[in-house]
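Reading the structure
If you want the building blocks of each chain, they are given just below.
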Amino acid sequence: MWQFILIVLGILLVFGTAAWAGISAAPYVPSRMNDVHRIIALAEIQPSETIIDCGSGDGRVVLAAAAAGAIAIGYEISFVPWLISVIRGWRSPYRSRIKFYWKSFFQVNLSSYDVVFAFLMPGAVQKLASQLERQPKVGRRVLCFAFAVKNWTPDKKDKPNDQTLALWRYRR
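Residues numbered from 1 in each chain as written. Predicted model: local features only at pLDDT ≥ 70, side-chain atom pairs only at ≥ 80, totals over all residues. Heavy atoms only, no water.

1. Considering the nonpolar core
Counting residues in hydrophobic clusters, the biggest one holds 26 residues, and the most contacted among them are Phe105, Val116, Leu120 and Leu128. Those elements that place two or more of their residues in this core are β1 (50–54), β2 (71–76), β4 (115–118), α5 (122–134), β5 (141–145) and β7 (167–171). Considering each element in turn, this core owes the most residues, five residues, to α5. Those residues within four positions of Phe105 in sequence are excluded, and the remaining contacts are Ala25, Cys54, Gly55, Tyr75, Leu110, Leu120, Leu128 and Gln131. By size, the runner-up hydrophobic cluster in this structure holds 25 residues, among which are Val36, Ala72, Phe145 and Leu167. (Core = buried A, V, L, I, M, F, W, Y, C linked by side-chain atoms within 4.5 Å. Buried < 20%, exposed > 50% of the residue type's maximum accessible area, 1.4 Å probe, protein only. Helix = DSSP H or I, 4+ residues; strand = E, 2+ residues; numbered from the N terminus. Contact = heavy atoms within 4.5 Å.)

Right under this line is the structure:
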């Protein structure tokens, strides 16, 4: 009987957290490495700046940001991608500058971050924008992949061709 309970709990952990992530912010959709390079370039990371990836998935943006010299933090609520990111972080040569949390970024004070990155659904992008307005930081760069922030004016937009998703950068 206890094995059945453990199996049910495991299924709920894996599929329940994935469903919750998809409903509350975005489903797990890994960014292509070409897009990760675009994100890091547009972020214009300076050494020792802090970057947060809101919904960090398997950690590829966090790992790339740490390689660029940032202190990089990822928040993910879907268990499997979070676990993959933790393992990848342990194996990284930049592990001292990387942290992954199995927690919603909506429950975090974002006022200390220099760069905020989000690849979220439109409703979650707007909710994040409201959160950032309540938790300001002068000079912060906010990067949104695929969906723009309504009523914000980007200082840069990157869309190299029709096959790539747009990437917007805002300075707040």
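2. Considerations on the state of the cysteines
Under the criterion given, the structure shown has zero disulfides. Just so you know, Cys54 is unpaired, no disulfide at all, and the nearest cysteine sulfur is the one on Cys144, 8.9 Å from it. (Disulfide = S-S within 2.5 Å.)

3. Considerations on the pattern of salt bridges
A complete count under the given rule lists 13 salt bridges for this structure. Across the pair Arg60 and Asp58 runs a salt bridge, and its minimum N-O distance is 2.6 Å. In this structure Asp58 comes out as buried when scored by relative accessible area, which is 6%. In this structure, the salt-bridge partner of Arg172 is Glu133, at a minimum N-O distance of 3.7 Å. In this pair, Arg172 is assigned in the segment after β7 and Glu133 in helix α5, connecting sequence segments 39 residues apart. If you follow the salt bridges from partner to partner, you end up with Glu44, Asp155, Lys156, Arg169 and Arg171 in one network. (Salt bridge = Lys/Arg side-chain N within 4 Å of Asp/Glu carboxyl O.)

4. With respect to the sheet that holds strand β3 (residues 98–102)
Here seven strands make up an open sheet; going across it, the order is β3-β2-β1-β4-β5-β7-β6 and the pairing mixed. Because the sheet does not close on itself, it has two edges, and the strands there are β3 and β6 (156–158). Between one strand and the next, the sheet's axes are offset by a mean angle of 15 degrees, whatever the strand orientation. In the sheet, β1 pairs with β2 via five bridges, with the strands oriented parallel. Its bridge partner lying in β2, Ile52 is registered against Ile73. Running at roughly 160 degrees to β5, helix α2 (residues 33–43) makes contact with β4, β5, β6 and β7 of the sheet. Against the sheet, helix α4 (residues 79–91) makes contact with β2 and β3, and its axis sits at roughly 160 degrees relative to β3, the strand it touches most. (Pairing = 2+ DSSP bridges. Axes fitted to C-alpha atoms, helices over the stretch in contact; angles between N-to-C directions.)

5. Things to note about the side chain of Asp114
Inspection of the secondary structure assignment puts Asp114 in the loop between β3 and β4. Asp114 sits in the buried class, given a relative accessible area of 15%. Side-chain polar atoms of Asp114 contact the side chain of Lys137, separated by 2.8 Å. When near neighbours in sequence (up to four residues on either side) are disregarded, Asp114 contacts Glu49, Thr50, Lys137, Gly139, Arg140 and Arg141. (Polar contact = N/O pair within 3.5 Å; in protein donor to acceptor, adjacent residues only side chain to side chain.)

6. Quick look at the packing of aromatic side chains
Aromatic ring pairs: the centre-centre distance and the angle between the two ring planes describe each pair. Following the criterion strictly, the structure yields seven aromatic pairs and no others. Between Phe79 and Trp102, the aromatic rings sit 5.1 Å apart at their centres with planes inclined by 65 degrees, giving edge-to-face as the arrangement. One end of the pair, Phe79, is in helix α4; the other, Trp102, is in strand β3, with 23 residues separating them in the sequence. A residue is classified by how much of its surface remains accessible, and Phe79, at 17% relative accessible area, is buried. Aromatic pair Trp152 and Tyr170: ring centres 5.4 Å apart, planes at 75 degrees, arrangement edge-to-face. A residue pair is termed long-range when its members are at least 10 positions apart, and Trp152 in the loop between β5 and β6 and Tyr170 in strand β7 qualify at 18 residues. Of the two residues, Trp152 and Tyr170, both sit in the buried class. Taken together through their ring pairs, the aromatic side chains of Phe79, Trp82 and Trp102 make up a single cluster. Lys127 extends its terminal NZ or CZ atom over the ring of Phe106, reaching a point 4.2 Å from the ring centre. In this structure, Arg172 is placed above the aromatic ring of Trp152, and the distance from its NZ or CZ to the ring centre is 3.9 Å. (Phe/Tyr/Trp six-rings, centres within 6.5 Å; stacked < 30°, edge-to-face > 60°. Lys NZ or Arg CZ within 6 Å of the ring centre and 35° of its normal.)

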